[in-house]
Amino acid sequence: MAGADGDDSLYPIAVLIDELRNEDVQLRLNSIKKLSTIALALGVERTRTELLPFLTDTIYDEDEVLLALAEQLGNFTMLVGGPEYVHCLLPPLESLATVEETVVRDKAVESLRKISHEHSPVDLEVHFEPLVKRLASGDWFTSRTSACGLFSVCYPRVSSTVKAEIRQHFRTLCSDDTPMVRRAAASKLGEFAKVLELEYVKSDIISLFTALASDEQDSVRLLAVEACVSIATLLPQEDLEALVMPTLRQAAEDKSWRVRYMVADKFSELQKAVGPEITKNDLVPAFQNLLKDCEAEVRAAAANKVKEFCENLPEDSRETIIMSHILPCVKELVSDTNQHVKSALASVIMGLSTILGKDNTIEHLLPLFLAQLKDECPEVRLNIISNLDCVNEVIGIRQLSQSLLPAIVELAEDAKWRVRLAIIEYMPLLAGQLGVEFFDEKLNSLCMAWLVDHVYAIREAATCNLMKLVEKFGAEWAQNTIVPKVLGMANDPNYLHRMTTLFCINALSEACGQDITTKQMLPVVLKMSNDQVANVRFNVAKSLQKIGPVLDSNALQTEVKPVLEKLATDQDMDVKYFAQEAISVLALA
Amino acid sequence: MHHPVKLGANDVQWCFSQVKGAIDDDVAEADIISTVEFNHSGELLATGDKGGRVVIFQQEQETKGQPHSRGEYNVYSTFQSHEPEFDYLKSLEIEEKINKIRWLPQKNAAQFLLSTNDKTIKLWKISERDKRPEGYNLKEEDGRYRDPSTVTTLRVPVFRPMDLMVEASPRRVFANAHTYHINSISVNSDYETYLSADDLRINLWHLEITDRSFNIVDIKPANMEELTEVITAAEFHPNQCNTLVYSSSKGTIRLCDMRAAALCDKHSKLFEEPEDPSNRSFFSEIISSISDVKFSHNGRYMMTRDYLSVKIWDLNMENRPVETYQVHEYLRSKLCSLYENDCIFDKFECCWNGNDSVVMTGSYNNFFRMFERGHRRDLTLEASRESSKPRAVLKPRKVCAGGKRKKDEISVDSLDFNKKILHTAWHPQDNIIAVATTNNLYIFQDKMN
């Protein structure tokens, strides 16, 4: 009997194991994801002696299976018998760390890093560190790139002799023949530097950093910029000038725009890492150059950092630096030839107003905002509009409203529907900033016009916009300004517009409340149940279902129910379907 | 060193090694070879054909008993790289023909290559498998199911050795980036990007990203009526990751520096030889169109092939080539008939030997030419069935350009223009060459004593 019991519990596991080699990838993947179940059933001994050897050889599989396997093995320590046996997981992960697919390799390295912490110091030297060495001296660059990510996890926990070996291996990989390995080493340089003793940072890392930063391959040099941030953070301030700055200056003026782009992209991090003094002396001129770079990609990346850079300037000289050094460059960027540059600037320029304060904003920034609001590129205008709140806090939006209005109107009527969609999404924000009066006077008609746009996505967004406006301005405002217009559309000859009425009601009923919904909206909906277009009729059914919860039970029973019952006998099957659905959802049967 | 490498066309006695492909005179269109390429070690040789297939040959390991016989190339893997397609939006048929193959530098035990037809580039992995799993719980190895009640213990499959299997699997498909026909692909020395060029544009791809590429060169005029020139070939510099060149139908080569700007619309160098007014004719522009451009291995020079000549340019000198070799100057008087039979539009490729001292390119009548650079010596050889006896030394051929025909010379009028050698490849280190006639691949090597 015991045997028969065993069979029952073994069967699902047997299926899982068999499916590890099923022809269907999905089933293999499924089994790999349940690897812990299999291991649990096999027990720690058989997992170590049978399952892991099998998995080690299974590297021929599809990437997604290997990826899942690499991930699973990172959480396998208990299943092989705990930290004492964790080194048994190294062989399969080692073979996964050499496959050509980067995502799989990276995941294998991630899991190796994870289980490295579960190794005892002895096991780390006996099992883990030799694996790192094997990978580091492997024939193929895939294994050498993987090794780069493992040095930093074992370095802090090994003896000083082994530490010296690890440093030597890392040095070797930094001057590897293949750019891939040098890239991998460059990208791990900062991380490795963090675990090194300061003396070795100065002696080893700096020379490696300098070498990588002047590599013949652009793709290697640009990664050294990233390392620069971590290295600068580690060094005492007085060493920065001699050890880091020459390389950073060189990177900021590199012949390759990709390297300069990287400097621009990492500018805020660099600024924090080198501190206020170097920023004042070196980074300010470097930043000016990047803002004037000949390559638009670089200017755009730098423009993106304008606000952050200014914000992080030392307080004592912030205003002077901005006014005399940064602002002149910013002014030029406003009329840049490249729209991506202008649009990058537009997304941050408003932020300068909080830094510079009211007077400077009015005198220096406002003309720039106004110029950007009139820019030929819609994205630039949109970016300005989307950041209006920053200015509002400093000078109030009224200063802008004269120029704002034409810009909004133009965007609202842009030929590209995506642009119209974008401006609609800012309407609730604008309404909040500009206040109800201004809104009613100038923008309300736009919001209504979008309801009859010829693109469905715009009509849909316009409906949603109305709901947000009502949430902002309240039910009374809705009743006076928009509800009559929405309901008026119920008589429109175009059935799409009539449906828009229904969609608006769906969106507005809750925000407007029971009174308005019952007294004003419901009659219109009910009347539309006689529409000649079936699409309108079944949307009536859907609307009734939607607004039902807002109505009182009397209205539901006496008004809604008969109409839905009638619709439930409609000739059109869709109308019937939705009417019946509404009846059952509203429990009117 | 088993065999001292002698690299000079005239020091080398070329002998026949192998011929691949059907012996039939009746050539199936699909079997026509459209590209030939050695990998970086020379151990593998790939061909692509009009039928969209890629055939990879592997050099056998040297046998100990015969130290002087270098390994022959045998079929390693054959796979269908591209299928014919139809673009329904543009009502265009897309041929399956493989336009180019480029090997990637080896990254692990597997081999990778890029193959392209007119529109789509694919990354292929060619890998070996010599183990397979054995052992199921619920069925026998032959697939018969076991009675589940007989399963009393769990069985984990084990890998057992099996006969070597070579698999080719598509790893990436880079599609939808070219409006015109792709003529070149080239892997960058950073090993992570490559370019693809069509008639009017060059795109830059990351080898791991298929859903976007960057357009770095675009010569399409706003008004297509004003189109006067197309891109005919493009290649990355072998070790400067930022340098690429592209050639045009007007006989110019532009060198771009990708460091300068994201868009390479402005070239940094323009290589162009002033036209010789005495040779000017109706065909001048057609025959000056460049059909292939190749950097030398050391990256100092580049070679271009136009209809009648091969030119070698020093990258530091833009106004004229440093060397010009006439491939078949005797055809100059035949251009009219070559125009009528469309041969004048044939796209001959060219290649360098391992140490850049000799260049090779094809001609008509299944002739191919080698030019030894330092010595200004040249050689005409023929790929033919007649001389395809093992280790038979190839006899130099000579075409009689006019006047009295000497013995052993072939008259220009008797050249067969249907037999052309467009694609050739030179082993990256050794004196082994692969020469594609219409549907046959000939492998020649230097005679070793």
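Rules of the game
The residue numbers shown here count from 1 along each chain, following its written sequence. For naming, the first written chain is A and the first written ligand is 1, with later ones following in the order written. Local features in this predicted model are restricted to residues of pLDDT 70 or higher, and side-chain atom pairs are both shown and tallied only at a pLDDT of 80 or more, whereas totals for entire chains, interfaces and linings draw on every residue. Values shown for side chains rest on all heavy atoms present in the structure; no hydrogens or waters enter the calculation. The numbering of helices and of strands both runs from the N terminus, where a helix is a DSSP run of H or I of at least 4 residues and a strand a run of E of at least 2. With the radius of gyration taken over C-alpha atoms, the globule rule is written as 2.2 Å times the number of residues to the power 0.38. Each residue is assigned to one of three classes by its accessible area relative to the maximum for its type, calculated with a 1.4 Å probe on protein chains only: buried under 20%, partly exposed between the two thresholds, exposed over 50%. Salt bridges are defined by distance alone: a side-chain nitrogen of Lys or Arg within 4 Å of a carboxyl oxygen of Asp or Glu. Two strands pair if DSSP finds at least two bridges between them. Interaxial angle, 0 to 180 degrees, is taken between N-to-C directions of lines fitted to C-alpha atoms, where a helix line uses only the stretch in contact. Any two residues having at least one pair of non-hydrogen atoms within 4.5 Å are treated as being in contact. Distance and chemistry together define a polar contact, namely a pair of N or O atoms within 3.5 Å, with one atom able to donate a hydrogen and the other to accept it when in protein, and with adjacent residues in sequence counting only for side-chain atoms on both sides.

Considerations on the overall build of chain A
Secondary structure summary: chain A contains 32 helices and zero strands in total. Its C-alpha atoms give chain A a radius of gyration of 33 Å, more than 25% over the compact-globule value 25 Å for 589 residues. For chain A, the C-alpha atoms occupy an extent of roughly 90 × 85 × 35 Å along the three principal directions. When the 589 residues of chain A are sorted by exposure, 58% land in the buried category.

Digging into the pattern of salt bridges
Residue and element names in this part refer to chain B. Across all of its chains, the model carries 64 salt bridges over all chains by this definition. A salt bridge links E134 to R132; the shortest N-O distance between them is 3.7 Å. Residue R132 is classed as partly exposed on the basis of its relative accessible area of 43%. A salt bridge links R280 to E275; its shortest N-O distance comes to 2.6 Å. Overall, the relative accessible area of 54% leaves R280 in the exposed class. Taking relative accessible area as the criterion, E275 reaches 45% and is therefore assigned partly exposed.

Some remarks on the sheet that holds strand β1 (residues 14-20) of chain B
All names here are of chain B. On the basis of which strands lie adjacent, the open sheet formed by four strands has the order β1-β32-β31-β30 and antiparallel pairing. Two strands bound the open sheet, and with one partner strand each, they are β1 and β30 (423-426). Pairs of neighbouring strands in the sheet enclose a mean axial angle of 20 degrees, with direction left out of account. With four bridges connecting them, β30 and strand β31 (residues 432-436) associate as antiparallel partners. Within the sheet, the bridge partner assigned to W426 lies in β31 and is I433.

Brief notes about the sheet that holds strand β4 (residues 53-59) of chain B
Sheets are built from strands paired through backbone hydrogen bonds, the pairs being either parallel or antiparallel. Residues and elements named next belong to chain B. Read across the sheet, four strands follow the order β2-β3-β4-β5 without closing on themselves; strand pairing throughout is antiparallel. Whereas interior strands pair on both sides, the edge strands pair on one side only; in this sheet they are β2 (33-38) and β5 (73-80). Direction aside, neighbouring strands of the sheet carry axes that sit 20 degrees apart on average. Bridge analysis of β4 against β5 gives seven bridges, and the strand direction is antiparallel. In the strand pairing of β5, F57 is matched with V75.

Considering the environment of B:D49
All names here are of chain B. Relative to the helices and strands, D49 resides in strand β3 (residues 44-49). C-alpha of D49 to C-alpha of N99: the two residues are 50 residues apart in sequence and 8.2 Å apart in space. Those residues in contact with D49, other than ones at most four positions away along the chain, are A30, D31, I32, I33, S34, K97 and I98. There is a polar contact of 2.8 Å between the side chain of D49 and the backbone nitrogen of G51.

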